[in-house]
Amino acid sequence: MKFDASSLPVVLVTMEGKGFNEVDLQDQARYNVRNQIATVQGASIPMPFGGKFRQIMAYADRKALEARGLTLSDVVKSLDQTNLILPAGDAKIGSTDYFIYSNSMVPMSTS
């Protein structure tokens, strides 16, 4: 791997927050902070590390799937297609550059 001074990070962002657990902080870093920093021209923004990822367990009833002619692969494919965060680009309005993304994830429950 070629190495030069431009390979070194210029800024390292760390996060903490009262009232946030590790999953909430990971979500904030990944979907909010990272997207805001991405609007800086020339910035290379890696995925955040540390914290815990949000996980959702989906249980399938094999007999119900077979009755409908479906497989577990069909369930996985359907979940993958409906749980997307798609970057849409940015919009420059006046002197402000807005990063726009399309979030089609299911909103988090507040209860």
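Residue positions within a chain follow its written sequence, with the count starting from 1. Since the coordinates come from a predicted model, pLDDT governs what is reported: local features require at least 70, and pairs of side-chain atoms require 80 or more to be given and counted, while whole-chain, interface and lining totals use all residues. Side-chain metrics in this entry use all non-hydrogen atoms of the structure; hydrogen atoms and water are not considered.

The next thing to look at is the overall build of the protein. Secondary structure elements follow DSSP: runs of H or I of four or more residues count as helices, runs of E of two or more count as strands, with numbering from the N terminus. Counting secondary structure elements, the protein contains three helices and two strands. Going from the N terminus to the C terminus, the protein shows its helices and strands as α-α-α-β-β. Only protein chains enter the accessibility calculation, which uses a 1.4 Å probe. A residue is then buried if its area is under 20% of the maximum for its type, exposed if over 50%, and partly exposed in between. Counting only residues that meet the buried cut, the protein has 6% of its 111 residues in that class. Contact criterion: two residues are considered in contact whenever any of their non-hydrogen atoms come within 4.5 Å of each other. Of all intrachain contacts in the protein linking residues separated by at least 6 positions in sequence, the fraction that spans at least 24 positions is 30%. Summed over all atoms, the accessible surface of the protein reaches about 9900 Å², with 57% contributed by carbon and sulfur. For every accessible area listed, the method is Shrake-Rupley and the probe measures 1.4 Å; residues are considered covered only by the protein chains on display.

We now examine the environment of leucine 25. Of note, leucine 25 is situated in helix α1 (residues 22-37). With a relative accessible area of 19%, leucine 25 lands in the buried category. As a C-alpha pair, leucine 25 and lysine 52 span 27 residues in sequence and 8.3 Å in three-dimensional space. Once you skip the residues sitting within four places of it in the chain, leucine 25 turns out to touch Met15, Glu16, Gly17 and Phe20.

The next subject is a nonpolar patch on the surface. On the surface, Val10, Val11, Val13, Met15, Ile37 and Val40 cluster together to form a nonpolar patch covering roughly 550 Å² of accessible area. Along the chain, isoleucine 37 turns up in helix α1. In this structure isoleucine 37 comes out as partly exposed when scored by relative accessible area, which is 32%. Two joining distances apply to patches: 9 Å for like charges and 5 Å for nonpolar side chains (Val, Leu, Ile, Met, Phe, Trp, Tyr), and every residue must have over 30% relative accessible area and no salt bridge. Throughout this description, the term salt bridge denotes a Lys or Arg side-chain nitrogen within 4 Å of a carboxyl oxygen of Asp or Glu.

Structural remark: α-helix, 3.6 residues per turn; residues separated by three or four positions point the same way. Throughout, bend refers to the angle between the axes fitted to the seven residues that end at a position and the seven residues that start at it. Residue alanine 29 marks the point of greatest curvature in α1, where the axis turns by about 35 degrees. Burial in α1 covers these residues: Leu25, Gln26, Asp27, Ala29, Arg30 and Asn35.

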